[in-house]
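Here are the chains, one letter per residue:
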Amino acid sequence: MNVNMTASNPDTTYGVDTGETLTLTCQFSNPSSLTSAGTVSWTKGTTAVSSGIDSTGVTLSPGISKLTIASTSSTDTGVYTCNVDYSSVSVTGVSGTYSVTVRGATDMQDNVVLTGAANTVFSCSFFGILTTSNVITWTKSSDSTPITSGVTPVALSGETIGSTLTITSPSTNDEYTCALVASESGQQKFTLQDTARIIMMQITSFTSSEATAAVGDAITLTCESSAVPQGISLEKTTKIKLGSVEKMSSTTANTYTISSALSTDNGVYTCEVQFGSDAANTDTETLNQYVRHVANTNAFALSDGSSSAVLTCVFYGDALSSGVTWTLASTAVTAGGRFSLNTDSHDTATLTTTATLTISSYITSDNGIYTCAGTYSTGGVTLSGEVTLSGVGLDSFSSTSPTVNKDGTFTLSCVYTHTDTAVVTWTKNGNAFTAMTKQSDGVYIFERTNTAVKEDNGVYECQVNYGTSVGSPKLSLTQYVREVELVPGATVYHAGTATLSLTCKFWGDESTTATWEKDDTAVGGVDGVTAGSPVSWTSTTMFMETTVEIDPSTIESFGGVYKCGAVYTEGTASKTGSITVVELSIHSFTSTSPTVNKDGTFTLSCVYTHTDTAVVTWTKNGNAFT
């Protein structure tokens, strides 16, 4: 028995073109001893084929089975096997194979090209190529002459061959064809080809309905771009931006309308049109939209006479024809003496012109409403604005009670000239202090009402920042809170013979002449108690510190009230503090009847110095006794 495989296309050896219909015929001889036909199946590689099979002739002699592949594609390439199974009649089956290669062209993509592009590249490739004699040519619809410049062949690799075409400085829409002509000795010649187009696109215009507008005018910006050629599906996305701020984005509209222009609408606008999904195919165009305007502003100068006053006018829109003029109460302000005038060049990025009037060594009589006027180059239109000049400053920084006792009352007040942009900051001992509150415009306060504590001691500073062109005046003051700090505390518990140190810190302004007493007796007359040398007050620490040391081994009873005292230099006021030292000990441990008979009576008594934290434990014969 044998199997003969044939194909309907005589050139199948060198490939089948995509889209063709291919029929594979499996012819086999049935043994004469068969009483029933065999079963025929088809596979591609190892995968069963279930459609396109015609097995109506399997009972003929010879038997026939056909596999038809309609409209071939690259996925149909492979080795097909016809299997004839005679197992039902105990006869060995047979099979035959046929290799199919489907050849074709990979779709070339249309190239969207922006006007002015340096070049564009088409790339074509052909698959399923089994021939060795292959020629690829390029032509365009507007000229059938083969193109030779810019062509780069891509060598045959496996069953794929290709070519690229680089077009320098493309300028017109056109259709390009890449064609493969192949032949092999003894075989028919075949041709494969694919086409793609150059689609030239650009922004054709970007215009304004009012190139030079005034505040309140209606403005429409229109961005026109190339029309998409008929028969091509290509989406255009149009965006209009002011600086980096997107004002509109649409796939259908190409205008942006400002119903009533403001000075903030003055600026450089950009139109971006993206052709298709590739962001690289985006064309841009800019235009200057002028909205003429001069803002009325305020200017400030420090009233202490140490600074200059700088008055500024900003002219929005196109350039001015000459320098800006200034007047005060209808009187012209001219350069010279304390007055200097300057008009900057037109800023092409912001579309503004800035003019300044600087008054050195400002005095309060310079205050007033100044008028600036400038004439635009186009149309000779003159606009003016007003700048109001005022003096500002830090009037005072004071305390209602520069020196108070603990739990006293004081208020720190910083009074200054209020402006909308003034920023007030406080520091305490050089560090940021944020506990102050705004009482009203021009007044910030910090207050303690019967709550002053030693931590309030310090050097406070109030600063008002009016901006770099004006200045940042500041004032400082020192606040004292007199308080005696007891270390380690008002009550001290001590046991044993270790030396005990007691310290008093006298907070506030400067204090001297430290003294110590034990139970109303000066320390100098008490054995075992020694006063150390005081640590002097400084303007940084703001306390004077004095210490006494107690040696329990040289004093019969060191418990008692230790009083410290000091005299403040200012006003000779004095302050005292007292620390109570409690001597911890077991005074006695006794029995009412150290020896008793059985059923007798006795009481054990442990007498000790009581504290809230003392814990008493007993043992009996070394074991816990509860």
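This text gives an overview of the structure that appears in the document. (Residues numbered from 1 in each chain as written. Predicted model: local features only at pLDDT ≥ 70, side-chain atom pairs only at ≥ 80, totals over all residues. Heavy atoms only, no water.)

A tally of regular secondary structure across the protein gives 0 helices and 55 strands. Scaling as 2.2 N^0.38, a compact globule of 626 residues should have a C-alpha radius of gyration of about 25 Å, whereas the protein reaches 52 Å, well beyond that. In the protein, which comprises 626 residues, the proportion classed as buried is 37%. Long-range contacts, defined as pairs at least 24 residues apart, comprise 63% of the intrachain contacts of the protein with a sequence gap of at least 6. Accessible surface computed for the protein: about 32500 Å², of which carbon and sulfur atoms make up 48%. Here the protein carries 25 positive and 54 negative side-chain charges, and the mean point of each set is 5 Å from the other. (Helix = DSSP H or I, 4+ residues; strand = E, 2+ residues; numbered from the N terminus. Rg over C-alpha atoms; globule rule 2.2 N^0.38 Å. Buried < 20%, exposed > 50% of the residue type's maximum accessible area, 1.4 Å probe, protein only. Contact = heavy atoms within 4.5 Å. Areas by Shrake-Rupley, 256 points an atom, 1.4 Å probe, with all protein chains shown as cover. Lys, Arg positive; Asp, Glu negative; His and termini not counted. Charge placed at Lys NZ, Arg CZ, Asp CG, Glu CD.)

Looking along the chain, the bond that leaves Val487 and enters Pro488 is cis, with omega of 10°. Positive phi, close to 50°, is recorded for Ser169, a residue that is not glycine. Residue position: Ser169 is located in the loop between strand 16 (160–168) and strand 17 (174–183). Residue Asn621 is not a glycine yet carries a positive backbone phi of 55°. Note on placement: Asn621 falls in the loop between strand 54 (619–620) and strand 55 (623–624).

With that settled, the discussion passes to the sheet that holds strand 27 (residues 297–302). Strand order in the open sheet made by the 5 strands is 27-34-33-29-30, with mixed pairing throughout. Edge strands, defined here as strands with exactly one partner in the open sheet, are strand 27 and strand 30 (331–333). Along the sheet, successive strands turn relative to each other by an average axial angle of 35°, direction set aside. Bridge count for strand 29 (residues 325–328) against strand 33 (residues 368–375) is 4 bridges, and the pairing is antiparallel. Looking at the pairing, Trp326 lines up with Cys372 of strand 33. (Pairing = 2+ DSSP bridges. Axes fitted to C-alpha atoms, helices over the stretch in contact; angles between N-to-C directions.)

Let's shift gears to the environment of Thr204. Structurally, the position occupied by Thr204 is in strand 19 (residues 203–208). Look at Thr204 and you get partly exposed, because its relative accessible area is 47%. When residues no more than four places from it in sequence are discounted, the contact partners of Thr204 are Glu224, Ser225 and Ser226.

Tracing the sequence through the fold places Thr160 in strand 16. C-alpha of Thr160 to C-alpha of Asp304: the two residues are 144 residues apart in sequence and 88 Å apart in space.

This brings us to the state of the cysteines. What the rule picks out here adds up to 6 disulfides. Between the sulfur atoms of Cys124 and its disulfide partner Cys178 the distance amounts to 2.0 Å. Separated by 54 residues along the polypeptide, Cys124 in strand 12 (residues 119–127) and Cys178 in strand 17 bring together distant segments of the chain. Neither Cys124 nor Cys178 differs from the other in exposure class; each is buried. A sulfur-sulfur distance of 1.9 Å marks the disulfide that ties Cys223 to Cys271. (Disulfide = S-S within 2.5 Å.)

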